[in-house]
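Each chain, letter by letter, is given below.
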Amino acid sequence: MAQWTSAVGAAQLARLLMSQQDRPAGPGTRRPPAYRALADGVRLLVLEGRVPVAARLPAERELALALSVSRTTVAAAYEALRAEGFLESRRGAGSWTAVPAGNPLPARGLEPLPPEALGSMIDLGCAALPAPEPWLTRAVQGALEELPPYAHTHGDYPAGLPVLRSMIADRYTARGIPTMPEQIMVTTGAMGAIDAICHLFGGRGERIAVESPSYANILQLMREAGARLVPVAMAEGLGGWDLDRWRQVLREAAPRIAYVVADFHNPTGALADEDQRRRLVEAARSAGTVLIADETMTELWLDEDVSGGAMPRPVCGFDPAGSTVITVGSASKAFWAGMRIGWVRAAPDVIRSLVAARAYADLGTPVLEQLAVNWLFGTGGWEQAVEVRRTQARENRDALVAAVRRELPEWEFTVPQGGLTLWVRAGGLSGSRIAEAGERVGVRVPSGPRFGVDGAFEGYVRLPFTVGGAVAEEAAARLAAAVRIVESGGTAGGGEGPRTFVA
């Protein structure tokens, strides 16, 4: 019986491996043998989760042809991987990926480290800040005071608590987009909202157009749902969307769904202007594509020149009835990741379909957390807490930018005016190799390919605005140490060890 549960084709594996190529070697730089470079490349793909564990690899001859190398090179690489515990083989069943005993399984997303690991590791993998106090505690206390009437019911509200649906609708109306409670469904975070939308409109094999790069966890959610992702390249720097490319993809690929982050895009930080939003909505409407607009970063503007009335109109402002644009919001980024409350704004018939489908999913969203968010919205606590969050993110951004510029002057980036992430071109080095070396020196950073499709953005890493002050300086120093390991041709094992760091 075969031990593998999926398969990776030779052409697909070759594309992923080719995306890892480093910049040309300088004088004195050690080049590993071809078989060693190939083995390291496959190991990196497994460690990052881009090739699943228990995935059958192509036969030696097939991969040799796809990579234009000798079969001997592939055979030696496979043997090295077997010796290291990253490959298992059996005659008649082929070879499949594995992880050595005692190693954790690779994460496909960007899960945060457990708190007990934070003493020796600086976690730049998760773009989330600690809770803004005292507003979290006050919100929970206010929710407990409102809870008794709900405790006498069954507690299942598939569309969300009526009071919170009304509150969210009123907030859209106040932004100039008239909205009824019937256009709102409360969800378990933005991920729950997008998952429900993809299952309603997508289905296995359906095309979904996504920005390239895009939010890694959403890309993985869509892959797990069986979607065929169609990447659309972003404009250079913080320019937002390339509308010519979007129109071409919507016209030629005819995706059922398109997913975009118009406000302080994750990971680039780009802010789409009002004309881009209008034109994209028009193009989606003409193509019959459902446009998911992710607003989770909308309130995290950090610079005064984009605050208040200077922010562009929301994407749904160009489709107020919600027939083309489905808007997703959340408390998780602007307030706290532990507050798993999200919402969907769409046409009433879409909301009814989403609510009906929920009976076979999670049934509803926790009542106490909905009451806490409702308390924040109704008392002004939300605005005060978000202002604290902006101050934290702004200070962290400025500290991180200064530290990276000092420690890694060859790294290139444009500082965004909002959001929680910095998208960095890593001086011509492989982002995957920097991420691996970073784990060894005590800093965790996601590599660029996590935010792309089929190995794109190998030369990038994403840095979130989650640390500041001395911790930001130490994080940059550790990243510089990781770069030195990569530049010296360092391989798995050995290298500099992490230092315990107390903020």
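Above this text sits the structure in question.
All chains use their own residue numbering, which begins from 1 and follows the written sequence. Only residues with pLDDT of 70 or above have their local features reported here, since the model is predicted, and side-chain atom pairs are shown and tallied only from 80 upward, although totals for entire chains, interfaces and linings are computed over all residues. In computing side-chain properties, one takes all heavy atoms of the structure into account and sets aside hydrogens as well as water.

Where helices and strands are cited, they refer to DSSP runs of H or I of at least four residues and of E of at least two residues respectively, numbered from the N terminus. A count of helical and extended segments in the chain gives 16 helices and 15 strands. A simple rule labels every residue: compare its accessible area, found with a 1.4 Å probe on the protein chains alone, to the largest value its type can have, and call it buried under 20%, exposed over 50%, or partly exposed in between. Counting every position in the chain, which comprises 503 residues, the buried fraction comes to 54%. Any pair of residues with heavy atoms lying within 4.5 Å of one another is described as a contacting pair. Once local pairs closer than 6 in sequence are excluded, the contacts in the chain between residues at least 24 apart make up 75%. Summing over all exposed atoms, the chain offers an accessible surface of approximately 20,900 Å²; the carbon and sulfur share of this is 54%. Note on areas: Shrake-Rupley with a 1.4 Å probe; residue coverage comes only from the protein chains shown.

Relative to the helices and strands, threonine 365 resides in the loop between α12 (348-357) and α13 (367-379). Threonine 365 gets classed as buried once you look at its relative accessible area, which sits at 5%. A polar side-chain atom of threonine 365 sits 3.4 Å from the main-chain carbonyl oxygen of valine 186. If we ignore the near neighbours within four places in the chain, the residues touching threonine 365 are Val186, Thr187, Thr188, Arg340, Ile341, Arg358 and Gln370. Any N or O atom pair separated by 3.5 Å or less is treated as a polar contact, with the protein-specific requirement of one donor-capable and one acceptor-capable atom, and with residues adjacent in sequence counted only for side-chain atom pairs.

In a beta sheet, neighbouring strands pair by backbone hydrogen bonds and run either parallel or antiparallel. The sheet built from seven strands is open, its strands ordered β6-β12-β11-β10-β9-β7-β8 with mixed pairing. Where the open sheet ends on each side, the last strands, each with one partner, are β6 (184-187) and β8 (228-233). When strand polarity is set aside, the average angle formed by the axes of neighbouring strands in this sheet is 20°. Strands were regarded as paired on the criterion that DSSP finds at least two bridges between them. In this structure, strand β11 (residues 325-330) lies alongside strand β12 (residues 342-345), joined through four bridges in antiparallel fashion. Residue pairing in the sheet places glycine 329 in a bridge with tryptophan 343 of β12. Geometry is summarised by axes, namely lines fitted to C-alpha atoms with helices restricted to the contacting stretch, and by angles between N-to-C directions that run from 0 to 180 degrees. Strand contacts of helix α10 (residues 243-252): β7 (207-212), β8 and β9 (257-260), with the helix running at about 155° to β8, the strand carrying the most contacts.

The two faces of the sheet receive side chains in turn, since in a regular strand these alternate between them. Among the five residues of strand β13 (residues 421-425), four are classified as buried, and the element is accordingly described as predominantly covered. Relative to strand β15 (residues 460-464), β13 runs antiparallel, the two being bridged by five bridges. In the sheet register, valine 424 faces β15, and the bridge partner there is valine 461.

So, about the pattern of salt bridges. Each salt bridge in this description consists of a side-chain nitrogen of Lys or Arg and a carboxyl oxygen of Asp or Glu lying within 4 Å of one another. As enumerated under the stated definition, the model contains 24 salt bridges in all. Note that arginine 43 is salt-bridged to aspartate 40, the shortest N-O span being 3.1 Å. Linking arginine 43 with aspartate 40, this pair stays in helix α2 (residues 34-47), spanning three residues, or about one helical turn. Aspartate 40 carries the same exposure label as arginine 43, and that label is buried. The closest approach of N and O atoms between aspartate 244 and arginine 247, which form a salt bridge, is 2.6 Å. Of the two residues, aspartate 244 and arginine 247 both sit in helix α10, three residues apart, roughly one turn of that helix. Aspartate 244 sits in the exposed class, given a relative accessible area of 53%. Residue classification places arginine 247 among the partly exposed residues on the basis of a relative accessible area of 31%. Here the salt bridges do not stand alone but share partners, grouping Arg36, Asp40, Arg43, Glu84 and Glu436 into one network.

Over the atoms, a rolling probe the size of a water molecule traces out where space has been left empty. The definitions used throughout rest on a 1 Å grid laid over the protein atoms alone, on which a cavity is an enclosed set of points accommodating a 1.4 Å probe that cannot get out and a pocket is an open set flanked by protein within 12 Å on both sides along at least five of seven lines; lining residues are those having an atom within 4 Å of a point. Grid points are joined across faces, edges and corners, and a volume is the space filled by probe spheres set on the points. The full count for this structure, using the stated rule, is one cavity of 30 Å³ or more. Size it by volume and the largest cavity reaches roughly 40 Å³. What lines the largest cavity is simply Ala127, Ala128, Leu129, Ser332, Lys333, Ala337, Arg389 and Leu420. Grouping the constituent residues of the lining of the largest cavity by class yields five nonpolar, one polar and two charged. Put simply, Ala, Val, Leu, Ile, Met, Phe, Trp, Tyr, Cys and Pro go in the nonpolar bin, Asp, Glu, Lys and Arg in the charged bin, and everything else, Gly too, in the polar bin.

It is the contact of helix α1 (residues 10-18) with helix α3 (residues 60-67), at a shortest axis distance of 9 Å, that shows an interaxial angle of 50°. Considering their axes alone, α1 and α3 lie oblique with respect to each other. Considering the relative orientation of α1 and α3, their crossing is right-handed. Touching Ala10, Ala11, Leu13, Ala14 and Leu17 of α1 are Glu62, Leu63, Ala66 and Leu67, all from α3. The labels follow the angle: roughly parallel below 35 degrees, roughly antiparallel above 145, roughly perpendicular from 65 to 115, and oblique for the rest. Each crossing gets its hand from how the near helix is turned against the far one by less than a right angle, where anticlockwise is left-handed and clockwise is right-handed.

With that out of the way, let us pick up the packing of aromatic side chains. Ring pairs shown here join Phe, Tyr and Trp side chains whose ring centres sit within 6.5 Å, with only the six-membered ring taken for Trp; geometry is labelled stacked below 30 degrees between planes, edge-to-face above 60, and tilted in between. Evaluation of the coordinates by the stated rule reveals eight aromatic pairs. Here the aromatic rings of tyrosine 150 and tyrosine 157 are separated by 6.1 Å at their centres, their planes lie at 75°, and the arrangement is edge-to-face. Note on tyrosine 150: relative accessible area 18%, which makes it buried. Ring centres of phenylalanine 457 and tyrosine 460 lie 5.9 Å apart, and the angle between their planes is 80°; this geometry places the pair in the edge-to-face category. Through pairs of rings, three or more aromatic residues link up here, namely Phe335, Trp343, Phe377 and Trp382. The ring centre of tyrosine 172 lies 5.8 Å from the NZ or CZ of arginine 345, which sits over that ring. In this scheme, Lys NZ or Arg CZ marks a charge over a ring once it lies within 6 Å of the ring centre and within 35 degrees of the ring normal.

So far we have only geometry, and geometry alone does not tell us how the molecule works.
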